[in-house]
Amino acid sequence: LRLATWARRSWFQANVREAFVEMPLGNVNARIGKQTINWGEAVGVFVADVVNARDLREFLLQDFDQLRIGQWAARFDWQGEDKSAEVVWIPVPTYDNIGAFGGDYFSLPYSNVSNLFAVTPSVKPSRSLAHSNVGVRGGFLKDGWDVSAFYYRSMDREALLTSRLSPIIPAPLFTPTFGSRISQFGTTSSKDLEFAILKTEAVYTHGKAFTTANPIILGKIENRNTVDLLVGLDVPIPDSEARLNLQAIQRVILGNADGLAVPRTQSYASVQVVYPSGKWEASLL
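Now for a description of the structure that goes with this document. None of the values given here were measured: they were computed from a predicted structure.

Here's the deal with the pairing of strand S2 (residues 28-35)
Reasoning step 1: As paired elements, strand S1 (residues 19-25) and S2 share 7 bridges and run antiparallel to each other. Bridge assignment links Ala19 to a residue of S2, and that residue is Lys34.
Reasoning step 2: The loop that links S1 with its antiparallel partner S2 comprises 2 residues; one of these, Gly26, has a positive phi angle of about 70°.
Reasoning step 3: For S2 and strand S5 (residues 71-79), the ladder comprises 8 bridges, and the chain directions are antiparallel. Directly across from Val28, in S5, lies its bridge partner Trp78.

Brief notes about the sheet that holds strand S10 (residues 160-165)
Reasoning step 1: Pairing is mixed across the open sheet formed by 3 strands, whose spatial order is S7-S11-S10. Across the chains shown, the open sheet's two edge strands, defined by having one partner strand only, are strand S7 (118-119) and S10.

Side note on the pairing of S10
Reasoning step 1: As paired strands, S10 and strand S11 (residues 172-177) are joined by 6 bridges and run antiparallel to one another. Among the inter-strand pairings, Leu165 is bridged to a residue of S11, identified as Pro172.
Reasoning step 2: Between S10 and S11, which pair antiparallel and follow one another directly, the connecting turn spans 6 residues.

Description of the nonpolar core
Reasoning step 1: Judged by nonpolar contacts, the single largest core of 16 residues is most densely connected at Trp39, Val51, Phe150 and Tyr152.
Reasoning step 2: Put simply, the parts of the chain that give this core at least two residues each are strand S6 (83-90) and strand S9 (145-155).
Reasoning step 3: In this structure Tyr152 touches Trp39, Val50, Val51, Ile90, Asn133, Val134, Gly135, Ile182, Ser183 and Gln184, once residues within four positions along its chain are discounted.
Reasoning step 4: In terms of nonpolar packing, the next biggest core, distinct from the first, is built from 5 residues, Tyr95, Ile98, Phe106 and Phe178 among them.

Things to note about the pattern of salt bridges
Reasoning step 1: Throughout the structure, instances matching the rule amount to 13 salt bridges.
Reasoning step 2: A salt bridge links Glu86 to Arg137; the nearest nitrogen and oxygen atoms lie 3.7 Å apart. On the criterion of sequence distance, the pair formed by Glu86 in strand S6 and Arg137 in strand S8 (residues 133-142) is long-range, its members being 51 residues apart.

Regarding the environment of Val273
Reasoning step 1: With respect to the helices and strands, Val273 occurs in strand S16 (residues 265-277).
Reasoning step 2: Sequence separation between Val273 and Val235 is 38 residues; the distance between their C-alpha atoms is 9.6 Å.

Section: the sheet that holds S1
Reasoning step 1: Within the open sheet, the 12 strands sit side by side as S1-S2-S5-S6-S8-S9-S12-S13-S14-S15-S16-S17. Their pairing is antiparallel. Two strands close off the open sheet at either side, each with one partner strand: S1 and strand S17 (280-284). On average, each strand axis in the sheet is inclined to that of its neighbour by 15°, with strand direction left out of account.
Reasoning step 2: In this sheet, strand S14 (residues 221-236) lies alongside strand S13 (residues 197-211) in antiparallel orientation, the contact comprising 13 bridges.

Criteria and cut-off values
Residues numbered from 1 in each chain as written. Predicted model: local features only at pLDDT ≥ 70, side-chain atom pairs only at ≥ 80, totals over all residues. Heavy atoms only, no water. Pairing = 2+ DSSP bridges. Helix = DSSP H or I, 4+ residues; strand = E, 2+ residues; numbered from the N terminus. Core = buried A, V, L, I, M, F, W, Y, C linked by side-chain atoms within 4.5 Å. Buried < 20%, exposed > 50% of the residue type's maximum accessible area, 1.4 Å probe, protein only. Contact = heavy atoms within 4.5 Å. Salt bridge = Lys/Arg side-chain N within 4 Å of Asp/Glu carboxyl O. Axes fitted to C-alpha atoms, helices over the stretch in contact; angles between N-to-C directions.

What follows is the structure, encoded as structure tokens:
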């Protein structure tokens with residue numbers, strides 16, 4: 001049955017990633033339609049890149065540009081000699097594609113659940129202007145530093161796995177739920193250090209929702225504030241066209257995180273080596 005369901009869903013898939021109209025309005029450039037909006041500096045991870053939803057069905061196996069899901073948006077940006085400003089409005093948000101239960105990268109955040117459980121289809125907010133996203137971003141270039149800051153008020157693109165007791169069998173029903181309202185303040189910077197390019201990102205998120213670690217307390221959701229930090233280096237390898245990227249990332253949940261399904265501090269790192277050779281390019285992440 002699972003194989004037949006997969007075949008029926010995966011026989012044909014088509015997606016328009018970008019389709020927009022671009023027009024100048026004086027010194028402001030307007031772009032309206034389906035588009036990707038990248039506010040981050042990182043490679044393969046999404047710290048300050050908060051606008052676009054992501055296709056996470058294959059984790060990071062597909063090309064990074066393909067991870068971003070196009071959003072229907074109105075974007076207005078102004079570019080000065082060493083300053084920039086941008087306003088984004090997304091009337092109908094898109095949410096992360098986490099795939100279906102049984103996929104390779106679909107996981108439950110609980111280790112103490114018995115084998116008797118079920119996962120129901122995802123629940124997303126209604127298509128209402130009350131659920132729209134809006135953000136502003138400004139930046140400047142000074143003494144070789146490229147710095148930006150932003151504020152983004154949105155429905156959370158990440159899935160929250162809520163649970164309830166099945167009315168049929170004595171087992172929990174898990175439901176991927178989207179759309180808690182969050183506010184994010186962030187900043188990015190980059191600087192050419194001659195031997196490498198330094199990149200930093202920092203994002204404060206207000207009102208992030210988390211589930212509790214004990215699934216017996218069904219439907220329990222806690223709101224916390226978080227801070228995400230990233231430091232990266234893009235290093236060209238001498239006497240070759242190869243390049244090396246190093247990144248350290250950390251998320252900290254502010255306040256008491258006891259009883260949540262995730263630890264208070266999450267730290268991880270990435271290393272990427274890219275080696276172009278003629279028509280081929282090898283990449284190791």
